[in-house]
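Letter by letter, the chains look like this.
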Amino acid sequence: MKLFVESVLDADPATVWEVFESEAYRRRLDAEAQIQQQILEERTEPDGILFRRIRTEPDRELPKVVAKLLGAPKLCYLQENRFDPEQSKMRWQVTLEAMPDRVDVSGTTTCTALPDGRCRRVVDGELEVRVRLVGGQIERAVVAEFERSMQRAVALAAEMLQERASS
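Residues numbered from 1 in each chain as written. Predicted model: local features only at pLDDT ≥ 70, side-chain atom pairs only at ≥ 80, totals over all residues. Heavy atoms only, no water.

**A few points about helix α1 (residues 13-20)**
Okay, step 1: Counting buried positions along α1 yields six of eight residues, so the element is predominantly enclosed.
Okay, step 2: Of the positions making up α1, those classed as buried are Pro13, Thr15, Val16, Trp17, Val19 and Phe20.
Okay, step 3: Where α1 begins, the capping side chain belongs to Asp12, and its oxygen is found 3.2 Å from the backbone nitrogen of Ala14. (Buried < 20%, exposed > 50% of the residue type's maximum accessible area, 1.4 Å probe, protein only. Helix = DSSP H or I, 4+ residues; strand = E, 2+ residues; numbered from the N terminus. Polar contact = N/O pair within 3.5 Å; in protein donor to acceptor, adjacent residues only side chain to side chain.)

Here it is in structure tokens:
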């Protein structure tokens, strides 16, 4: 199942990445989106790629039917990001803690400069759930949660970019 979120932000790509990758952004996202994120590992690889492994746990529980299908009350996951600042591109892979061997989620996030000085940010990924009979239900629930979290994330980044521009 396709994951796709496109947004236009009022800043250049470098500034947009700076906001999304900042500690201030993570703290505010945790508070406003009611999630807990913990950076488990962070390093710069020899080729300049910035690697980060993050564990995310939402405060909100899943609907009971979805929780029963997943075998967990919350959609907790590990995310590995590989950010290439030269290409303005991040490759990411998500592993659900509830079903690590039956769910594949991965994709890319890119930021592209627009002629008017703004930035087009695209999150483009794929989700596959290999569970007989209920895989499609799980995919729809995960995609819905992904879209909600991306909307909150982009709204927060836009707010922080506006605050920067005003100061």
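**Topic: the sheet that holds strand β3 (residues 50-58)**
Okay, step 1: The sheet built from seven strands is open, its strands ordered β1-β7-β6-β5-β4-β3-β2 with antiparallel pairing. Pairing within the sheet leaves two strands with one partner each, and these edge strands are β1 (2-9) and β2 (35-44). Each strand of the sheet is rotated relative to its neighbour by a mean of 15 degrees, with strand direction disregarded.
Okay, step 2: Sheet topology places strand β6 (residues 103-113) next to strand β7 (residues 119-129); eleven bridges connect them, and they run antiparallel. Bridge assignment links Cys111 to a residue of β7, and that residue is Arg121.
Okay, step 3: Set on the sheet, α1 makes contact with β1, β4 (77-84), β5 (89-96), β6 and β7; between it and β6 the angle comes to about 140 degrees. (Pairing = 2+ DSSP bridges. Axes fitted to C-alpha atoms, helices over the stretch in contact; angles between N-to-C directions. Contact = heavy atoms within 4.5 Å.)

**Some thoughts on the packing of aromatic side chains**
Okay, step 1: Taken as a whole, this structure holds two aromatic pairs when the rule is applied.
Okay, step 2: A ring pair is formed by Trp17 and Phe83, whose centres lie 4.3 Å apart and whose planes are at 40 degrees; its orientation type is tilted. One end of the pair, Trp17, is in helix α1; the other, Phe83, is in strand β4, and 66 residues separate them in sequence.
Okay, step 3: Since its relative accessible area comes to 8%, Phe83 is described here as buried.
Okay, step 4: Between Phe20 and Tyr25, the aromatic rings sit 5.1 Å apart at their centres with planes inclined by 55 degrees, giving tilted as the arrangement. Like Phe20, the residue Tyr25 is buried in the burial classification. (Phe/Tyr/Trp six-rings, centres within 6.5 Å; stacked < 30°, edge-to-face > 60°.)

**Things to note about the environment of Gln37**
Okay, step 1: When you line up the elements, Gln37 lands in strand β2.
Okay, step 2: Classification of Gln37 as partly exposed rests on a relative accessible area of 25%.
Okay, step 3: For the pair Gln37 and Arg132, spaced 95 residues apart in the sequence, the C-alpha separation amounts to 31 Å.
Okay, step 4: Apart from residues lying up to four places away in sequence, Gln37 is in contact with Arg26, Leu29, Asp30, Ile54, Arg55 and Thr56.
Okay, step 5: Side chain to side chain, Gln37 and Thr56 meet in a polar contact 3.5 Å long.

**Looking at the packing of α1 against helix α4 (residues 135-166)**
Okay, step 1: Close contact between α1 and α4 brings their axes to 10 Å; oriented N to C, the two are set at 115 degrees. As summarised for this structure, α1 and α4 are arranged roughly perpendicular, according to the angle between their axes. Taken as a pair, α1 and α4 cross one another with a handedness that is right-handed. Contact with α1, carried on its side by Thr15, Val16, Glu18, Val19 and Phe20, involves Ala153, Val154, Ala157, Met160, Leu161 and Arg164 of α4 and no other residues of that element.
Okay, step 2: Here the residues of the contact of α1 with α4 are counted per class, giving eight nonpolar, one polar and two charged. (Parallel < 35°, antiparallel > 145°, perpendicular 65-115°, else oblique. Left-handed = near helix turned anticlockwise from the far one by under 90°. Nonpolar A, V, L, I, M, F, W, Y, C, P; charged D, E, K, R; others polar.)

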